[in-house]
Amino acid sequence: MGLAAGEPAGRERMMDHFEYRSGELFCEQVAVAEIASAVGTPVYVYSAATLLHHYRAIGEAFRELRPTICFSVKSLSNIHILKLLASAGSGFDVVSGGELERVRAIGADASKVVFAGVAKTDREILDALAADIGCFNVESEEEFINLSRLAESAGRKATVALRINPDVYDPQTHRYTATGKKATKFGVDIDQAEAFFDRFGHDAHAHLEGIHFHLGSPIYSAEPYVQAITKTLPVIQRLREREFPLRLLNIGGGFAADYERGRSPAAADYAEPIVPLLRDTGLSITLEPGRFIACNAGLLLTSVQYVKQSGGRKFVIVDAAMTDLIRPVLYGAQHLIYPARLPAGAEPPQRRPDYAAPEGETVDIVGGVCETSDFLATDRVLPKLARGDLAAVFSAGAYGFVMASQYNSRPRAAEVLVEGDRFRLIRRRETHDDLLAPEHEV
Ligand SMILES: *Cc1c(COP(=O)(O)O)cnc(C)c1O
């Protein structure tokens, strides 16, 4: 039931608060050029209104289930973003001790924090026990035994959901980002779930109270969730009949976002077939959206350094690189890129891949890292760009800055949050001193 590329989804919906006014790109009420002159480039620019819009849209679509929404911290981890979401009521899904530290740093409600990950260390588990988080999503027998032992030694009780692998997948999901298929490292096979409860369901220190799955990312239709839930509910039913106190079901994240307008299902398209399945189960439902909330809320603003012709191709060389946004290189992801200022009289791009700029030229947009694979986009028809021009890489809020590296000893970009007509730095640009400090300090 997936959407073919370019086919519009069932409903139109607000994509983001980035728009052109008289040829000039704005984030909410702020011209992005103003941000670039204040903090330099490359810089990630986030729209608070867009972030909150998508957070609310998913809660609204699933409201009948009164779900706990645990924003996936790994998709966009800046503490100022987390703070904004926490104040809107969000919980958090963390996958490491570092992410746990971030949610602790903002004083998030620990009861709405869930912790997944196949490799949790003793240190991470002890920190999470001390923080009294809402749920450990346990991924193996050994991990469960270790968690129980650590909980006992710390004099704590842990609430646990078993991460199962329901063996369904979305054929449209890149194989590196599919996690809910048999023979991935995540979770235990669904047909092992009952044996797991038999063995550990009455543990005195780690209380097994739920089931968790996360199918991968992005999932372009409700169908894989429906299949996974349909496979999981009978397991829950049988466990309940055998007096295991099952009360939690966490259906993970993976809800798709629009990298081009209308490409992905709306929140309601996911919720419509899912909600009736869960309505009368008495289960407390958790969702872990990351990309759905963060993707469209951010763009990467970069400046053109040089333009050159080589081997019959035209290269626009910018000051951002694969070190700032690795998704095009890693997953073949297609991010739309447009100039921050359009040529006089040009129509604003419709945010679809077939945008052909007037008097456009076909270019590759590349960074300065010493790798041939360092590109942000290839074969794009864009208005003529020249040294000093600003370009915006759209839909870069999720898995953008968080995957940045310092390869080639490049300091990581700054991050800016826009709220209405104001903007503020939420992460300063790294300096060369930041890069060298751990080496000087030894
Ligand atoms: C990455 C991840 C998510 C979020 O995935 P999105 O596609 O960003 O929604 C949710 N849950 C778990 C366990 C994850 O690892």
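Conventions and cut-offs
Residues numbered from 1 in each chain as written. Predicted model: local features only at pLDDT ≥ 70, side-chain atom pairs only at ≥ 80, totals over all residues. Heavy atoms only, no water. Domains from an automatic or database assignment. Contact = heavy atoms within 4.5 Å. Salt bridge = Lys/Arg side-chain N within 4 Å of Asp/Glu carboxyl O. Near = heavy atom within 4 Å. Polar contact = N/O pair within 3.5 Å; in protein donor to acceptor, adjacent residues only side chain to side chain. Areas by Shrake-Rupley, 256 points an atom, 1.4 Å probe, with all protein chains shown as cover. Nonpolar A, V, L, I, M, F, W, Y, C, P; charged D, E, K, R; others polar. Disulfide = S-S within 2.5 Å. Buried < 20%, exposed > 50% of the residue type's maximum accessible area, 1.4 Å probe, protein only.

Enquirer: Is there a simple way to explain the domain arrangement of the protein in this structure?
Expert: Quite often, the size of an interface is put as the accessible area lost when its parts meet. The domain boundaries assigned to the protein delineate domain 1 (9–46 + 295–438) and domain 2 (49–293). Centre-to-centre, using C-alpha coordinates, domain 1 lies 32 Å away from domain 2. Opposite the 34 residues of domain 1 that make contact, domain 2 presents 32 residues. Linking domain 1 to domain 2 there are zero salt bridges.

Enquirer: Sorry if this is basic, but what is going on with the site of the ligand here?
Expert: Near the ligand you find 15 residues, and of these K74, S217, E288, R291 and Y399 are the closest. The side chain of D93 places a nitrogen or oxygen atom 3.2 Å from a nitrogen atom of the ligand. Within the backbone of R291, one N or O atom sits 2.8 Å away from an oxygen atom of the ligand. Isolated, the ligand exposes 390 Å² of accessible area, and the fraction of that covered by the protein chains is 94%. Class assignment of the residues belonging to the shell around the ligand gives a composition of three nonpolar, seven polar and five charged.

Enquirer: It is not clear to me how the state of the cysteines should be interpreted in this structure. Could you clarify?
Expert: Note: disulfide means a covalent bond formed between the sulfur atoms of two cysteine side chains. What the rule picks out here adds up to zero disulfides. Here C295 stays free of any disulfide, with the sulfur of C27 as its closest cysteine sulfur at 14 Å. When its relative accessible area of 0% is taken as the criterion, C295 is described as buried.

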